[in-house]
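Here's the letter readout for the chains.
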Amino acid sequence: MSDHRGPRRRRPPSRPSLPPPLPHPALPGGGSTVPPGVAYPAVLSQQPPWRALLGIVLALAGYTVVTALVSSAVVGAGYLAQQPGVPLGDYRAAAVRYQNPVGFLAQSLSIAAVIAVCWALMRWLHGLPLGWLSSVRPGLRWRYLGWCLLAAAVVVYGIVAATAVVGPQPLVWRPQPGLVAVLLVVVLVTPLQSAAEEYLFRGYLLQTMGSFFPTPWVGVILSSLLFAALHGSQNLPLFVNRLAFGLLAATLVLATGGLEAGIAAHIINNVGAYTLAGFTASIADLRAVRSLGWSDAMLDVAGFALFAVVAVLLARRLRLPVTTPATPTGSGGRR
């Protein structure tokens, strides 16, 4: 018996289904990485408050322990390598006062190592890459950092040059002994040391404190007070000078969505100060400074404020984002 229904129609092959969108990477204990569309201080806002509180304690403890361990290790290695013929205690005391390049190297490397503390806390406590401390992109925005370095150099060094020309006391060029070694440390390590302070105070502490308060300004003020206080013994104008720098750098984080402007200002300031001290007096003399006049303090603050205005204008010119992206991104930044 024949079949009169005709040939069977073949069903078209089914289209392969697209995989579902990837979720945000999971944190330890659950949760998403970073909420979309929030400002820099709120990057950790979806995490439990205890993480932020524990992070603040661990960050300050890590700062104390790591700087002490790295500094002692570098000084000890320098003592073994140089064999100076003096007791280790005397050598260490001279190093703390920056009376030899090893002491300056030890202090710079010890602070630079704080970047590792920030990385460890972000990675193991918060489950995030270090790039989320760099900016809301996340990652360092290298083009913007380069422009900020140039702008800070023009503003800060321009003011120094102007005051050297018209100031009451002209600069006296008197290079310190071992200047080449000092300059090597300044060029190679001081940028890392400066960046590490920004990652800790304007980065990690600002974000963790931002988890507790509805306004970011509490974190701005508290982190800036800590930054100024941890510089040790100082008179009121010098404390105000450092506090003002911290406040301006933290404000730049809010205005630009990242650490680049603060890092640039910090690098230019520290490299310039150490280099000038090496050529006109000594790093030890700069280390011993515990007081500053009000006029000098306010001149520095005015220079930092002028740079802050330029940095904000640059960020707007480059159209930098100031909130986190709506979709997950990698930890690198290119803009």
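You'll find the structure just up there.
Residues numbered from 1 in each chain as written. Predicted model: local features only at pLDDT ≥ 70, side-chain atom pairs only at ≥ 80, totals over all residues. Heavy atoms only, no water.

**Student:** Which parts of the structure should I look at to understand the overall build of the chain?
**Tutor:** Along the backbone of the chain there are 13 helices and 0 strands. In sequence order, the chain lays out its α and β elements as α-α-α-α-α-α-α-α-α-α-α-α-α. When the 335 residues of the chain are sorted by exposure, 42% land in the buried category. Put simply, the chain shows about 17700 Å² of open surface, and 67% of that area lies on carbon and sulfur atoms. (Helix = DSSP H or I, 4+ residues; strand = E, 2+ residues; numbered from the N terminus. Buried < 20%, exposed > 50% of the residue type's maximum accessible area, 1.4 Å probe, protein only. Areas by Shrake-Rupley, 256 points an atom, 1.4 Å probe, with all protein chains shown as cover.)

**Student:** It is not clear to me how the packing of helix α10 (residues 236–256) against helix α11 (residues 260–280) should be interpreted in this structure. Could you clarify?
**Tutor:** Where α10 meets α11, the closest approach of the two axes is 7 Å, and the angle between their N-to-C directions is 145°. Here α10 contributes Phe245, Ala249 and Leu252 to the contact with α11, which in turn contributes Ala261, Gly262, Ala265 and His266. Split by residue class, the contact of α10 with α11 holds 5 nonpolar, 2 polar and no charged. (Axes fitted to C-alpha atoms, helices over the stretch in contact; angles between N-to-C directions. Contact = heavy atoms within 4.5 Å. Nonpolar A, V, L, I, M, F, W, Y, C, P; charged D, E, K, R; others polar.)

**Student:** Sorry if this is basic, but what is going on with the nonpolar core here?
**Tutor:** Proteins that are soluble and globular tend to have nonpolar side chains buried together. Core analysis: the largest hydrophobic core is formed by 69 residues, its most contacted members being Phe104, Tyr144, Leu200, Tyr204, Leu205, Ile263 and Phe307. Leu205 has contacts with Ile56, Ala59, Leu60, Leu200, Ser223 and Leu226, leaving out every residue within four places of it along the chain. Judged by nonpolar contacts, the second largest core, of 6 residues, contains Val74, Val75, Val102 and Ala106. (Core = buried A, V, L, I, M, F, W, Y, C linked by side-chain atoms within 4.5 Å.)

**Student:** In this structure, what is going on with the packing of aromatic side chains? I would like to understand it.
**Tutor:** Counting across every chain of the model gives 9 aromatic pairs. Plain terms: the ring middles of Phe201 and Phe227 are 5.4 Å apart, the flat faces sit at 70° to each other, and that makes the pair edge-to-face. Of the two residues, Phe201 sits in helix α8 (residues 190–209) while Phe227 sits in helix α9 (residues 217–229), which places them 26 residues apart along the sequence. In this structure, Phe201 and Phe227 share a single accessibility class: buried. Through pairs of rings, three or more aromatic residues link up here, namely Tyr63, Phe201, Phe227, Phe245 and Phe304. Residue placement shows Arg202 over the ring face of Phe227; its charged tip is 4.2 Å from the ring centre. Geometry around Tyr98 places Arg287 over its ring, the cationic atom sitting 4.8 Å from the centre. (Phe/Tyr/Trp six-rings, centres within 6.5 Å; stacked < 30°, edge-to-face > 60°. Lys NZ or Arg CZ within 6 Å of the ring centre and 35° of its normal.)

**Student:** Honestly, helix α13 (residues 294–317) in this entry has me stumped. Any pointers?
**Tutor:** Owing to its 3.6 residues per turn, the α-helix aligns residues three or four sequence positions apart on the same side. Taking 1.5 Å of rise per residue, the 24 residues of α13 would be expected to cover 34 Å, and the 35 Å separating its terminal C-alpha atoms lies within 8% of that figure. Those residues of α13 lying buried are Ala297, Val301, Gly303, Phe304, Phe307, Ala308, Ala311, Val312, Leu314 and Ala315. Here the buried face of α13 lies against α6 (142–166), α10 and α11. Phi turns positive, to about 55°, at Arg319, one or two residues after α13. (Expected span 1.5 Å × (residues − 1).)

**Student:** When you look at the packing of helix α4 (residues 114–125) against α8 in this model, what are you seeing that I'm missing?
**Tutor:** Geometrically, a packed helix pair is captured by the angle between its two axes and the distance between the axes. Between α4 and α8, the shortest axis-to-axis distance is 8 Å and the interhelical angle comes to 35°. Crossing hand, α4 versus α8: left-handed. Here Val114, Ile115, Cys118, Leu121, Met122 and Leu125 of α4 come into contact with α8, specifically with Leu192, Ala196, Tyr199, Leu200, Tyr204 and Gln207. Looking at the contact of α4 with α8 residue by residue, the classes come out as 11 nonpolar, 1 polar and no charged. (Left-handed = near helix turned anticlockwise from the far one by under 90°.)

**Student:** Any chance you could explain empty space enclosed by the protein here in plain terms?
**Tutor:** Unfilled space is identified by rolling a water-sized probe across the atoms. If you walk through the whole model with that rule in mind, you get 1 cavity of 30 Å³ or more. When contributions to the lining of the largest cavity are tallied by element, the ones reaching two or more residues are α10, α11 and α13. Per element, the largest residue contribution to the lining of the largest cavity is 4 residues, and it comes from α10. Class assignment for the residues of the lining of the largest cavity results in 7 nonpolar, 1 polar and no charged. (1 Å grid on protein atoms, 1.4 Å probe; cavity = no way out; pocket = protein on both sides within 12 Å on 5 of 7 lines; lining within 4 Å. Points joined across faces, edges and corners; volume = space filled by probe spheres on them.)

**Student:** Would you take a moment to explain the side chain of Gln176 for this structure?
**Tutor:** By secondary structure assignment, the location of Gln176 is in the loop between α6 and α7 (179–188). With relative accessibility at 10%, the residue Gln176 sits in the buried group. From its side chain, Gln176 meets the backbone nitrogen of Ile283 in a polar contact 2.7 Å long. Sequence-distant contacts of Gln176, defined by excluding residues within four places in its chain, comprise Val182, Gly278, Ala281, Ser282 and Ile283. (Polar contact = N/O pair within 3.5 Å; in protein donor to acceptor, adjacent residues only side chain to side chain.)

Take it as geometry only, folks, not as evidence of what the structure does.
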